[in-house]
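Notes for the structure review
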Amino acid sequence: MKRAKKKKTPKHVEKQLDLGIKDPLKNKILKLKGKTDFVLLQLEVKKFLKDAFFWFVIVSNTAMLIQQGFWLYNNFTKFPSLTPILNYNLEAENRIADKNFLYIFPLITFLSIIIGVIVTIKYYNKEKMLTKFILLCTLLASIAGSVMLIHLTLNY
C-alpha cells in the first residue's frame, strides 16, 4: 500500500474580502460597556479599598511621615555633629552616631507604608487578619519613630 501524500499548506494566507461594512454603533457601545464592567469588577475585587482601617493607617502613617520630615527640616541645624541616637546601647560611646543618622526614622516610616500597602494588596482577600495585623504593626512603627524623633530633638 502506498501512502497518500500530504497536501502542503500554502505559505500565504488568503485574506477575507473587505466589503467596507462598518461595525454598527450597537457593537461599539457593547464593547465599551464590557470594558467598563471589567474595570468595575476589578475594583470590586479590591475590597481593601473600602476598608476603613486600611485608610486610617495609610493616612495616619503619611501624616507622621510628613511630620517627621518637617520636624527634621526645622531642627536639623540645632543638632551637634554627633548625637546620642542609639539609646538601646549600654555603653555611652556606642550611643553616639552622626546626626545624619536621624533620617533613619522617616525612612523606616516610609518603608513601613510601602510594605503595608504591598502586603494588603496581595493578601487582603486571602488573609484579612494577617493584613490587619501588619497594618497595625506599621502604624505602631510609625508612632514609635515619631515619638523617638521628638524625644531626641526636644533635648536640643
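Up top you'll find the structure we're talking about.
First, a word on what this report is: a plain description of the structure on this page. (Residues numbered from 1 in each chain as written. Predicted model: local features only at pLDDT ≥ 70, side-chain atom pairs only at ≥ 80, totals over all residues. Heavy atoms only, no water.)

1. Brief notes about the overall build of the protein chain
Formally: In this text, helices come from DSSP runs of H or I with a minimum length of four residues, and strands from runs of E with a minimum of two, each type numbered from the N-terminal end. For every residue, the accessible area obtained with a 1.4 Å probe (protein chains only) is divided by the maximum for its type, and the residue is called buried under 20%, exposed over 50%, and partly exposed between those limits. The contact criterion used is simple: two residues touch if any of their non-hydrogen atoms lie within 4.5 Å. Surface accessibility in these figures is a Shrake-Rupley result with a 1.4 Å probe; residues are shielded only by whichever protein chains are displayed.
Tallying secondary structure elements over the protein chain gives five helices and two strands in all. Across the 156 residues in the protein chain, those meeting the buried criterion constitute 24%. When contacts within the protein chain are restricted to residue pairs at least 6 apart in sequence, those whose partners lie at least 24 apart make up 63%. Of the roughly 12,800 Å² that the protein chain leaves accessible, carbon and sulfur atoms contribute 67%.

2. Things to note about the packing of helix α2 (residues 52-75) against helix α5 (residues 128-154)
Worth spelling out the cut-off: Axis definition: a line fit to C-alpha positions, over the contact stretch in the case of helices; interaxial angles, taken between N-to-C directions, run 0 to 180 degrees. Each angle is binned into one of four classes, with values under 35 degrees roughly parallel, values over 145 roughly antiparallel, values of 65 to 115 roughly perpendicular, and all other values oblique. Crossings are sorted by hand: turned counterclockwise from the far helix by less than a right angle, the near helix makes the crossing left-handed, and turned clockwise it makes it right-handed.
Packing of α2 against α5 leaves a shortest axis separation of 10 Å and a crossing angle of 20°. It follows that α2 is roughly parallel to α5 by the angle criterion. For the crossing formed where α2 meets α5, the hand is left-handed.

3. Details of helix α4 (residues 104-123)
How we decide: Expected span of a helix: the number of residues minus one, times 1.5 Å. Of all possible arcs, the one meant is that of the directions from the helix axis to the C-beta atoms.
Here α4 is 20 residues long and its end C-alpha atoms lie 28 Å apart, about the 28 Å a rise of 1.5 Å per residue gives. Three or more residues of α4 are buried, namely Phe-105, Pro-106, Thr-109, Ser-112, Ile-113, Gly-116, Val-119 and Thr-120. Mapping the buried residues of α4 onto a view down its axis gives an arc of 160°, with all of them on the same face. Residues of α4 that are exposed and angled more than 90 degrees away from the buried face: Ile-118 and Lys-122.

4. Considering the environment of Ala-97
Considering the arrangement of structural elements, one finds Ala-97 in strand β2 (residues 96-98). Among the residues examined, Ala-97 registers a relative accessible area of 12% and is labelled buried. Sequence separation of Ala-97 and Thr-83 is 14 residues, and the distance between their C-alpha atoms is 5.6 Å.

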